[in-house]
Amino acid sequence: MGPIILAIESSCDETSASLIRNGKVLNNIIATQAVHRKYGGVVPELASRAHQQNIVATVEEAMQGPGIRKTDLDAVAFTRGPGLMGSLLVGVSYAKGMALALGIPLIEVNHMQAHVLSHFIDDPKPTFPFLCLTVSGGHTQIVLVRDHLDMEVIGQTQDDAVGEAFDKAAKIMGLPYPGGPLIDQYAQKGNASAFTFPETNMPGLDFSFSGIKTAFLYFLRDERAKNPTFLEENLHDICASLQQNLVYMLLNRLRQASEQTDIKTIAIAGGVSANSGLRRGLQSMGQLLGWNIFIPAFEYCTDNAAMIAMAAHFKFLKGEFSSLDVVPLARMPM
Ligand code: KG4
Ligand code: ZN
């Protein structure tokens, strides 16, 4: 029998716990924090407090289902970073307490590596080397993945993350946080060619999304000055056009990354990989260019502990454990 590991994720606004046995994820319990909706973004102090309120029940629920006792655990894993310091601290402290009480090893996991490794939870799994476009509320990266724990960021955003661009545009339109899924929903019924927004071109394989946010703000302001109900009348077309613009910026870079590295096994991960426009765009670009494409199941796109458990499994096999004085890292390189 392989190792049984409990994994905890608390880097941002989801408190999550998952059990993995011999590389097979047994469950994935997620407590989403609704408290941030009315503020238009994650409020760090409220996130930290909500993690404290949720963590005991979330871990207990994960432990209950598969008939595994705490004394059966071989290790306890946690997200060390990157993320919000106050949020990370809750998961790190809880994991340390458990490891100490049970006398089992601790495994620290890099949240961004874990997003990539969400592709190893279910079949089919990508073969090495592959490229992974990791797109979330905090990151936009093109990662060259050589092995489970051997990854290199070859392109990234120089300012906002693409999820942030979705969320900020939604906020400008008066939609609640997180606005990405709502823009996706409205875009389904809209005409993506109705409006055009500027594309920002960065050197190499890097991205920039702050320009489009500003352009979008001025676009809406100018159109509403001419017609006060412009937004209400054109909501679907505006969302479809904006989404298409963001998706093109992502896919263009991914195509360049594939050409430069000569790698045609391509994956996407992170919260924005749930976007239907990105999924569709990737499918058609992949067909055109002969790519072998990997898109994670919806439940493993946004933050979850199953991906932390998957990463912990590979680290356990290599004997990569952390000491009990490990501290969280708000910024953590891959
Ligand atoms: O990976 P994630 O859950 O958390 C971070 O680590 O940031 O990603 C959350 C981000 C948010 O910006 C949210 O708006 C975006 O993912 N998102 C989407 C969709 N679902 C989630 N963006 C566009 N379309 C979606 N369907
Ligand atoms: Zn994430």
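Residues numbered from 1 in each chain as written. Chains lettered and ligands numbered in written order. Predicted model: local features only at pLDDT ≥ 70, side-chain atom pairs only at ≥ 80, totals over all residues. Heavy atoms only, no water.

Details of the coordination of the zinc ion (ligand 2)
Only His111 (NE2), His115 (NE2) and Asp303 (OD) from the protein reach the zinc ion (ligand 2) as donors, at distances of 2.0 to 2.2 Å. Given four donor atoms and angles of 91 to 150 degrees at the metal, the environment of the zinc ion (ligand 2) is assigned as irregular. Counting along the primary sequence, the residues that act as donors to the zinc ion (ligand 2) give the motif H-x3-H-x187-D. Highlighted residues: His111 and His115, both in helix α3 (residues 111-117), separated by four residues, approximately one helical turn. No difference in accessibility class separates His111 from His115, as the two residues are buried. (Donors = N, O, S within 2.8 Å, 3.2 Å for Na, K, Ca; no water. Tetrahedral: all angles 85-135°; square planar, octahedral: opposite > 155°, others 65-115°. Helix = DSSP H or I, 4+ residues; strand = E, 2+ residues; numbered from the N terminus. Buried < 20%, exposed > 50% of the residue type's maximum accessible area, 1.4 Å probe, protein only.)

With respect to the site of ligand 1
Surveying the vicinity of ligand 1 reveals 17 residues, the closest of which are Gly137, Asp167, Asp184, Asn275 and Asp303. For ligand 1, an oxygen atom lies 3.3 Å from a polar atom in the backbone of Gly180. Here Gly271 contributes a backbone N or O atom positioned 3.0 Å from an oxygen atom of ligand 1. Burial of ligand 1 by the protein amounts to 90% of the accessible area it has alone, namely 550 Å². The element that contributes the greatest number of residues to the shell around ligand 1 is helix α5 (residues 180-187), accounting for three residues. Class assignment of the residues belonging to the shell around ligand 1 gives a composition of four nonpolar, ten polar and three charged. (Near = heavy atom within 4 Å. Polar contact = N/O pair within 3.5 Å; in protein donor to acceptor, adjacent residues only side chain to side chain. Areas by Shrake-Rupley, 256 points an atom, 1.4 Å probe, with all protein chains shown as cover. Nonpolar A, V, L, I, M, F, W, Y, C, P; charged D, E, K, R; others polar.)

Here's the deal with the packing of aromatic side chains
Counted by the stated rule, this structure contains twelve aromatic pairs. Arranged with centres 6.0 Å apart and planes meeting at 90 degrees, the rings of Phe120 and Phe314 form a pair that is edge-to-face. Here the residue Phe120 occupies a position in the loop between α3 and β7 (130-135), and Phe314 occupies one in helix α9 (residues 305-317), the gap between them amounting to 194 residues. Take Phe120: its relative accessible area is 4%, and that puts it in the buried class. On the numbers, 5.5 Å between centres and 80 degrees between planes, the contact of Phe316 with Phe321 is edge-to-face. (Phe/Tyr/Trp six-rings, centres within 6.5 Å; stacked < 30°, edge-to-face > 60°.)

Focus: the pattern of salt bridges
Overall, the coordinates contain 13 salt bridges when judged by the stated rule. Of the charged contacts, one joins Lys168 and Asp160 as a salt bridge, the two residues approaching to 3.6 Å between their closest N and O atoms. Looking at Lys168, the relative accessible area reads 29%, which means it is partly exposed. Classification of Asp160 by relative accessible area gives buried; the value is 9%. (Salt bridge = Lys/Arg side-chain N within 4 Å of Asp/Glu carboxyl O.)

Things to note about the domain arrangement of the protein chain
What the domain assignment lists for the protein chain is domain 1 (4-116 + 302-317) and domain 2 (127-296). For domain 1 and domain 2, the distance between their C-alpha centres works out to 27 Å. Listed as interface residues are 16 residues of domain 1 and, on the opposing side, 16 residues of domain 2. Counting each side, the surface lost to burial between domain 1 and domain 2 is near 1400 Å², with a carbon and sulfur contribution of 71%. (Domains from an automatic or database assignment. Contact = heavy atoms within 4.5 Å. Buried area = accessible area lost by both parts, 1.4 Å probe.)

Here we look at empty space enclosed by the protein
As enumerated under the stated definition, the model contains one cavity of 30 Å³ or more in all. By volume, the largest cavity amounts to about 30 Å³. Forming the walls of the largest cavity are Gly40, Asp167, Ala170, Lys171, Leu175, Pro176, Tyr177, Pro178 and Gly179. Classifying every residue of the lining of the largest cavity gives five nonpolar, two polar and two charged. (1 Å grid on protein atoms, 1.4 Å probe; cavity = no way out; pocket = protein on both sides within 12 Å on 5 of 7 lines; lining within 4 Å. Points joined across faces, edges and corners; volume = space filled by probe spheres on them.)

A short note on the layout of surface pockets
By volume, the second largest pocket is sized at about 240 Å³. Secondary structure elements with two or more residues in the lining of the second largest pocket: α5, α7 (230-261) and α8 (276-289). Counting residues per element, the lining of the second largest pocket draws most heavily on α7, at six residues. Of the residues belonging to the lining of the second largest pocket, the class tally is six nonpolar, six polar and two charged.

Looking at the side chain of Thr157
By secondary structure assignment, the location of Thr157 is in the loop between β9 (150-156) and α4 (162-172). The exposure class of Thr157 is buried, given its relative accessible area of 15%. Here the side chain of Thr157 touches Asp159 through a polar contact of 3.2 Å, landing on its backbone nitrogen. At 2.6 Å, the side chain of Thr157 and the backbone oxygen of Asp160 are in polar contact. Aside from chain neighbours lying at most four places away, what touches Thr157 is Thr140, Phe207, Ser208 and Phe209.

Structural notes on the nonpolar core
Of all hydrophobic cores here, the largest spans 47 residues; its most connected members are Met173, Ile183, Phe209 and Phe216. Contributing elements (two or more residues each) for this core: β7, β8 (140-147), α4, α5, α6 (210-226), α7, β10 (265-269) and α8. Residue contributions to this core peak at 14 residues, all from α7. Among all residues touching Met173, those that are not within four sequence positions of it are Ile183, Phe216, Leu220, Leu231, Leu235, Ile238 and Cys239. Formed by 31 residues, the second largest nonpolar core is a distinct cluster that contains Ile5, Ala75, Phe120 and Ala306. (Core = buried A, V, L, I, M, F, W, Y, C linked by side-chain atoms within 4.5 Å.)

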